[in-house]
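Here are the chains, one letter per residue:
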Amino acid sequence: MAQTNGVNGAGHDDEGIEVFTDYLIVGTGPAGGALASFLTQHGLTGLIVSQDPGNADTPRAHITNMAALDCLRDIGVDRDCYIIGTSGDSMVHTRWSNSFAGEEYARIYSWGNDPKRKGDYELASPSDPLDLPQTLLEPLLIRYATLNGFKSRWDTTFVSYVQEPEGKGVTTTLHDKVSGRDFKVRSKFLFGADGARSPIMRQTGIPMIKRPGQGFAINILMEADMSHLMENRMGNLHWLLTPDKEHPDFAWIGCIRMVKPWFEWLCIIFPTAEAERKVRTPEEYMQRVREFIGDDSIEVKIKGISTWMINETAAEAYSKGDVFCLGDAVHRHPPNHGLGSNTCIQDAHNLAWKVAMVHKGLAGRELLDSFSIERQPVGLDVVTQANASLRNHKKIWEVLGNLEPTVEKRMEAFNILKEDSERGRKRRQDLEACLRLINREEHGLGIEMNQRYTSSAVYKSDQGAMPTFATDPLEHYHPTTYPGARLPHVWLSNTVPSKAISTLDLAGKASFCLFTGIGGQGWKDAAAKVSAELGIPLAAYSIGWRQDYEDRYLDWVKVRDVEESGCVLVRPDYFVAWRCQKWEQDGENKLRTVLKSILSRG
C-alpha cells in the first residue's frame, strides 16, 4: 500500500502501520471537504476518506449563506460557487399551496429578498446567498483540497481508532471496500467529519445532548420540467398542504424544493406520526407526488428515494485527545433556517488555523481546546433554532386544518379562514402570526452572523462589557469589533478610485491581521516587530483619510469601536481577537502579550 505524505521511518512501535500522514479526515461532505481545503491554505496536507464511491448523490443541504461563503471566499472557492449555484433572485419566495400548480395559501419573501431587509444583507457581507446543493458543493471542495496536496480515497470505511500514548497521535483502522481488507493509518490528528451517524463520535464516548426528535421524512429526488409554472411562483421552497384530500399515512405533507431550475427537484414528504418508518416503492409515492405537483401534463421521473430522521441532537464537546469531530457528527437537526452545511464550513474554518499554528510550533497545544469551547455553543444554538423553526411550520399546518383526522374535519377547519366572524378573524390573525415567525427565521441574519466566542483564543480581560443591541439577535446582525465577534464587513478602496475591497479580503489568508488608523503607525511598527519575533504571520493596515485604504462610505468609522489611533486585531478565521482603544507607548508589549495569550504560548 502506498504511503502518503508525512512518512515516518518505520520502527518497532510502527508495526502494522501502512500509511503515515499528518492529518486523517474521515468524511468528504461539507465539513470534511472544507477542513481539507482550509488546511491546505496553511500548507498542510493529509488523507481524506469516504465510505461512499463518490461525492453526495442526493442534494441534501442547499442554502449557502453569506457567513459560509465568506469562509470559502478566503480560499477563492466562492467564485466557482457563484458559477454553478443558483442566485438569490430564484430564491425570492417560500410558498404554501394546495399543489405546486394550484391554489396558493400564502407566500413570504425569503433568504434576503424582502425589500425591507435587502440593505441589511448587503451591509453584512461582501458575499451573496446562494442555492448550492451539496451534490455541487462537495466536488468543488474535494477538487480544491486534492489539487493543493490532500490525498483522497473512496469506498473506505472507518473501523476504529487507538489514541497513542506520549503524543504519538492516532492509529486508525480503515476498511478498503474494493480489496476487502483492513489497513492502518497513523496520523497526528483524526478528524471525524463522518456525518450524523458518526462512528467516530460513538467511539469517543462524548455524551450527546438528545432532545425528542420530530419523526422522520422522505426525500424523493425527481426530474419534472416545471419551468412554465415559475413566472408567478418564483422561489425555491414550495410547501404543499392538501386538507381536501385523503392521503396515505406515509405521505401527509409535502415540500417541493428546487435543485436545478426548473427541472430537478427534491420532494420532501412528511408522514403522519403513526406511519411506519420505511421506504415505499416509487409507484407508491408517485400518485402523491403528482397530487403535490397538481399538473398531470408534467412528466415525472423519480431518480432516488431516501429517509432521514428529524433530530435535535448536539455533542457536549467536539474533541477528545487528538480526535476532533465537526459538522453533522456533532450537530444534527432538520434543514430549517438552512444552517446545516453552513455551520459545517464554519466549524472547519475555525479549526484549520488552530491546527496549523500548533503544527508549525507557533501555538501551544491548548489552543486546540478553544475549538470545542467556541463552536459547541454555536452548534447547540443551531440545533435548537432549526427544530423550533420546524415546530413553527407545524403551526401553519394546524391553522390550515391539516392536523384534523378526516377530510370533513380538515375542510371545516380550513373554511374558518373565509368566515366573516370572530373566529374567522382570529384564525386569519393566527395565520399572519405564523407567517411572521417563518419570515423572521428565513431572514434570520442574526443567527447566521452573530456568533460571540469566549475562550483562551480571544483576549477580553482589558475590555468592558459586551455591547447590547436593541434589535432581535436572531433576525438582525449586530456588527461590532468586540473581541469574539465576527470582523464587520466594510467596503474600502484606494485614494485613486479602485475596485472596492472588503475588510474581510484584507483579513484571513492564513494570517492574523491588524487594523488601525491615523495616529496608529506605532501599531503597524509593533505588528512587524512582534510578527518577526514570534514567527506569526501578521498583516497590518491603516484605514482612513489618505491611509493604506480609504473608508469608502465612512462605514468603518461607525463600526470600528476604537479611536483612530486604536487597533483591531483579527484572527485568521475573521473573528476579532482583541482591540485597543488608542495607541499607547507600551503598545508593542501589549500586542506581544495578547498574541502569546491567544496562542497559548507561555
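Refer to the structure presented above.
Figured I'd write up the structure that's included with this text. The shown structure was predicted, so the numbers you read here are calculated from the model rather than taken from an experiment.

Criteria and cut-off values
- Numbering of residues begins from 1 in every chain and follows the order in which that chain's sequence is written.
- Reporting in this predicted model follows two pLDDT cut-offs: at least 70 for local features of residues, and 80 or more for side-chain atom pairs to be given and counted; totals over whole chains, interfaces and linings ignore these cut-offs and use all residues.
- Side-chain metrics rest on all non-hydrogen atoms present in the structure, leaving aside hydrogens and water.
- Comment: elements are numbered from the N terminus, with helices defined as DSSP H or I runs of at least four residues and strands as E runs of at least two.
- Values of the radius of gyration come from C-alpha atoms, whereas the globule rule sets the reference at 2.2 Å times the count of residues to the power 0.38.
- Residue contacts are defined here by distance: any two heavy atoms, one from each residue, within 4.5 Å place the two residues in contact.
- Per-residue and other accessible areas follow the Shrake-Rupley method at a 1.4 Å probe size, with only the shown protein chains counted as cover for residues.
- In this count, Lys and Arg are taken as positive residues and Asp and Glu as negative ones, while His and the chain termini are left out.
- For this purpose, a charge sits on NZ of Lys, CZ of Arg, CG of Asp or CD of Glu.
- In this description, a nonpolar core means a group of buried Ala, Val, Leu, Ile, Met, Phe, Trp, Tyr and Cys residues linked to one another through side-chain atoms lying within 4.5 Å.
- For every residue, the accessible area obtained with a 1.4 Å probe (protein chains only) is divided by the maximum for its type, and the residue is called buried under 20%, exposed over 50%, and partly exposed between those limits.
- Domain delimitation follows an automatic or database domain assignment.
- Should a side-chain nitrogen of Lys or Arg be within 4 Å of a carboxyl oxygen of Asp or Glu, the pair is scored as a salt bridge.
- Any two strands are treated as partners once DSSP identifies two or more bridges connecting them.

## Quick word on the overall build of the protein
Step number 1: Each helix and strand in the protein was counted, giving 16 helices and 30 strands.
Step number 2: Taken over C-alpha atoms, the radius of gyration comes to 26 Å for the protein, in line with the 25 Å a tight globule of 602 residues would show.
Step number 3: The contacts of the protein with a sequence gap of at least 6 include a subset with a gap of at least 24, amounting to 72%.
Step number 4: When the accessible area of the protein is evaluated, it comes to approximately 23900 Å², of which 50% is carbon and sulfur surface.
Step number 5: Here the protein contributes 69 positively and 79 negatively charged side chains, and the mean placements of these two sets differ by 2 Å.

## Observations regarding the side chain of Ser-565
Step number 1: Positionally, Ser-565 belongs in the loop between α15 (556–559) and β29 (567–570).
Step number 2: Other than its neighbours up to four places away in sequence, Ser-565 contacts Thr-516, Ile-518, Gly-519, Gly-520, Trp-523, Lys-582 and Trp-583.

## Some thoughts on the nonpolar core
Step number 1: Counting 87 residues, the largest nonpolar core has Phe-191, Phe-512, Leu-569 and Leu-591 as its most contacted members.
Step number 2: The element contributing the most residues to this core is helix α8 (residues 340–359), with ten residues.
Step number 3: Taken together, domain 1 (18–86 + 129–208 + 315–386) and domain 2 (452–599) each give at least three residues to this core, which thus spans both.
Step number 4: Other than its neighbours up to four places away in sequence, Leu-591 contacts Leu-514, Trp-523, Ala-526, Ala-527, Val-530, Leu-538, Leu-569 and Trp-578.

## Some remarks on the pattern of salt bridges
Step number 1: Overall, the coordinates contain 36 salt bridges when judged by the stated rule.
Step number 2: One salt bridge in this structure joins Glu-550 and Arg-546, with 3.3 Å as the shortest N-O distance.
Step number 3: When salt bridges that share partners are traced, they join Lys-354, Glu-374, Arg-571 and Asp-573 into one network.

## Remarks on the sheet that holds strand β14 (residues 208–210)
Step number 1: What the three strands build is an open sheet, ordered β14-β20-β23; its pairing is antiparallel. Of all the strands in the sheet, the pair left with one neighbour each is β14 and β23 (331–332).
Step number 2: Where strand β20 (residues 313–315) lies against β23, two bridges are found, and the strand directions are antiparallel. Its bridge partner lying in β23, Thr-313 is registered against Arg-332.

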